[in-house]
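Coordinate inspection notes
In case you want the letters, here they are:
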Amino acid sequence: MIKVFYENILVGEVITNQSMTVEQALEAIGFDEDVFLAEHGWDDLDYNEFRIV
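Residues numbered from 1 in each chain as written. Predicted model: local features only at pLDDT ≥ 70, side-chain atom pairs only at ≥ 80, totals over all residues. Heavy atoms only, no water.

In this structure Asp-32 caps helix H2 (residues 33-40), since a side-chain oxygen of it lies 3.0 Å from the backbone nitrogen of Asp-34. Just downstream of H2, Gly-41 is the residue with a positive phi angle, here 70°. (Polar contact = N/O pair within 3.5 Å; in protein donor to acceptor, adjacent residues only side chain to side chain. Helix = DSSP H or I, 4+ residues; strand = E, 2+ residues; numbered from the N terminus.)

What follows is about the sheet that holds strand E2 (residues 9-14). What links the strands of a sheet is backbone hydrogen bonding, and the strands pair in either a parallel or an antiparallel sense. The sheet built from 3 strands is open, its strands ordered E2-E1-E3 with antiparallel pairing. Two strands close off the open sheet at either side, each with one partner strand: E2 and strand E3 (50-52). Across this sheet, the average inter-strand angle for adjacent strands is 20°, counted without regard to direction. Relative to E2, strand E1 (residues 2-6) runs antiparallel, the two sharing 5 bridges. Considered in E2, the bridge of Tyr-6 is made with Ile-9. (Pairing = 2+ DSSP bridges. Axes fitted to C-alpha atoms, helices over the stretch in contact; angles between N-to-C directions.)

Put into structure tokens, the structure is as follows:
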């Protein structure tokens with residue numbers, strides 16, 4: 001299982017048996033940047049702050 005975090009916020013989880021990039025994991029969970037920004041009241045994201053565990 002891969003967990004996708006933005007800073008310390010869990011964005012989503014992917015069950016897989018292969019390694020993934022952050023971009024692939026975000027695509028797999030259907031990440032919507034606009035919705036995420038609106039939920040947290042932010043104007044922009046720093047994609048360097050995403051990490052997968």
